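# Close look at the chain arrangement
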Amino acid sequence: MSEVILKNVGKIYPNKVEAVRDVSLTIEDKEFVVFVGPSGCGKSTLLRCIAGLEEVTSGEIIIERRVVNDIHPKDRDIAMVFQNYALYPHMNVYDNISFGLKTRGYSKDEIHERVMDAVRILGIEEYLKSKPRELSGGQRQRVAIGRAIVRHPKVFLFDEPLSNLDAKMRVSMRSEISKLHKTLGVTMIYVTHDQTEAMTMGDRIVVIDRGEIRQVADPHTLYFKPENLFTASFIGSPQMNVFPGKIKNKSFQGDYFTISFKNNIPDVESAVIGVRPEDISLTEGTFKLKGEVDLAESLGDVTFLHVKLEKQLVIIKTTLEKRFSIGEEISFFPNADKMHLFGSEDGKRIEF
């Protein structure tokens with residue numbers, strides 16, 4: 001079974017920067033798991049620790065029931081696909097894909113069989129004699145993936161492989177990698193800062209911030225029931241609107257509204273309530289607020305309204321076919337049934 005287990009993994013660099021802090025996680029055999037988080041959060045460092053490209057400071061990394069902390073990267077039976085493709089410019093596609101097998105002493109027949117299997121899966125048979133400079137970004141990334149496929153690894157590691165591609169090509173390659181996972185049936189760990197990639201590709205998503213795991217869940221749970229304020233604010237575009245206030249006598253009391261709760265919840269001196277832009281209506285809802293349009297971003301099928309209240313901006317996602325004017329006063333209606341409540345100090349979710 002090609003499961004990957006991390007036990008209390010930590011990484012501290014010589015300059016005392018703690019990039020990864022006490023991470024414990026089990027990635028199941030044949031699972032597609034995505035590490036997501038802001039730049040500098042430690043997700044790529046954690047991936048490189050799994051690959052063996054970084055030495056862990058503490059904890060254990062177990063791949064297929066074997067502790068690999070002291071095992072060389074080439075002997076961990078993993079394959080890694082990088083952001084920059086890392087292709088040899090003087091070699092054609094066939095030689096780039098087959099190079100690793102040649103250095104490992106595979107026979108010509110087996111090399112040819114593996115290369116042809118990989119290029120058929122990736123749909124790049126016609127480019128076998130082409131040099132990297134003659135290929136598009138998406139084609140180069142397919143070659144890089146092909147080089148990983150031919151090794152028949154137990155685990156695939158992807159480090160932001162689509163960040164150099166244009167928007168249209170990223171959508172296409174997301175689909176290709178997801179199909180590849182189903183075709184090969186192997187364990188995949190994928191690092192990205194793009195939450196769209198994370199939400200559309202992963203069986204489970206690991207949200208990382210400042211070297212720590214904030215939440216591990218499937219995309220649906222992550223979006224609709226975030227465990228903490230960081231996850232709630234990071235997942236979703238535009239991000240969740242957050243209103244500060246306090247909880248007293250079974251109600252949230254903020255600057256702009258008060259909401260009473262049915263359940264008995266403790267008083268909290270500092271709390272926030274969050275509501276996603278799509279859960280605010282311009283026609284009906286739990287209660288009415290008024291504000292002034294500060295910005296209207298029309299994408300054709302939807303419009304993102306930035307509405308100015310006294311002390312903050314509220315972002316509303318609407319499908320109303322209406323032209324909004326800057327400075328226009330509008331009424332809007334948050335849906336209390338779709339709101340999320342968190343403590344301000346610890347950021348933890350409060351059920352109500």
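Now for a description of the structure that goes with this document. Just so we're clear, the structure is a prediction, and the values are computed from it rather than from any experiment. (Residues numbered from 1 in each chain as written. Predicted model: local features only at pLDDT ≥ 70, side-chain atom pairs only at ≥ 80, totals over all residues. Heavy atoms only, no water.)

A sheet is described by the order of its strands in space; here four strands give the open sequence E2-E1-E4-E5, paired in antiparallel fashion. Strands at the two margins of the open sheet, each flanked by one partner only, are strand E2 (18–27) and strand E5 (66–67). With five bridges connecting them, strand E1 (residues 4–12) and strand E4 (residues 58–63) associate as antiparallel partners. Looking at the pairing, Val4 lines up with Ile63 of E4. Where helix H1 (residues 43–51) meets the sheet, it contacts E1, E2 and E4, and its direction lies at approximately 120° from that of E1. (Pairing = 2+ DSSP bridges. Helix = DSSP H or I, 4+ residues; strand = E, 2+ residues; numbered from the N terminus. Contact = heavy atoms within 4.5 Å. Axes fitted to C-alpha atoms, helices over the stretch in contact; angles between N-to-C directions.)

Our next topic: the side chain of Glu160. Mapped onto the fold, Glu160 is located in the loop between strand E7 (155–159) and helix H5 (167–184). It turns out Glu160 is buried and unbridged, and the closest side chain with the opposite charge, Lys43, is 4.2 Å from it. Not counting the four nearest positions on each side in its chain, Glu160 is found in contact with Lys43, Ser44, Gln83, Val191, Thr192 and His193. (Buried < 20%, exposed > 50% of the residue type's maximum accessible area, 1.4 Å probe, protein only. Lys, Arg positive; Asp, Glu negative; His and termini not counted. Salt bridge = Lys/Arg side-chain N within 4 Å of Asp/Glu carboxyl O.)

So, about the sheet that holds E7. Strand order in the open sheet formed by six strands is E6-E7-E8-E3-E9-E10, with mixed pairing between adjacent strands. Two strands in the sheet have a free side with no partner beyond their single neighbour: strand E6 (78–81) and strand E10 (212–217). On average, each strand axis in the sheet is inclined to that of its neighbour by 20°, with strand direction left out of account. The sheet contact formed by E7 and strand E8 (residues 187–192) spans five bridges and is parallel. Bridge assignment links Leu157 to a residue of E8, and that residue is Ile189. Lying on the sheet, helix H4 (residues 137–149) is in contact with E6 and E7; it crosses E6 at an angle near 175°.

In this chain, Ser237 is followed by Pro238 through a cis amide linkage whose omega measures -5°. The backbone of Tyr85 shows a phi angle near 70°, a positive value even though the residue is not glycine. Checked against the element boundaries, Tyr85 lands in the loop between E6 and helix H2 (93–103). Take Tyr85: its relative accessible area is 10%, and that puts it in the buried class. Phi at Ala86 is positive, roughly 55°, even though this residue is not glycine. You can see Ala86 is positioned in the loop between E6 and H2.

Further remarks concern the packing of H4 against H5. Their axes nearest at 11 Å, the elements H4 and H5 cross at an angle of 20°. When the axis of H4 is compared with that of H5, the two are roughly parallel. Taken as a pair, H4 and H5 cross one another with a handedness that is right-handed. Here Gly138, Gln141, Arg142, Ile145 and Ile149 of H4 come into contact with H5, specifically with Met169, Ser172, Met173, Glu176, Ile177, Leu180 and Leu184. Looking at the contact of H4 with H5, its residues break down into seven nonpolar, three polar and two charged. (Parallel < 35°, antiparallel > 145°, perpendicular 65-115°, else oblique. Left-handed = near helix turned anticlockwise from the far one by under 90°. Nonpolar A, V, L, I, M, F, W, Y, C, P; charged D, E, K, R; others polar.)

Attention now moves to the side chain of Gln312. Mapped onto the elements, Gln312 comes out in the loop between strand E17 (303–308) and strand E18 (313–318). Residue classification places Gln312 among the buried residues on the basis of a relative accessible area of 18%. Here the side chain of Gln312 touches Val242 through a polar contact of 3.2 Å, landing on its backbone oxygen. In this structure, Gln312 is in contact with Val242, Phe243, Pro244, Tyr256 and Val307, ignoring residues within four places of it in sequence. (Polar contact = N/O pair within 3.5 Å; in protein donor to acceptor, adjacent residues only side chain to side chain.)

Our next topic: the pattern of salt bridges. As enumerated under the stated definition, the model contains 19 salt bridges in all. Across the salt bridge formed by Arg120 and Asp117, the nearest N and O atoms sit 2.8 Å from each other. Highlighted residues: Arg120 and Asp117, both in helix H3 (residues 108–122), separated by three residues, approximately one helical turn. Take Arg120: its relative accessible area is 47%, and that puts it in the partly exposed class. Among the residues examined, Asp117 registers a relative accessible area of 35% and is labelled partly exposed. What emerges from the salt-bridge pattern is a single network uniting Glu18, Arg21, Asp209, Glu212 and Arg214.

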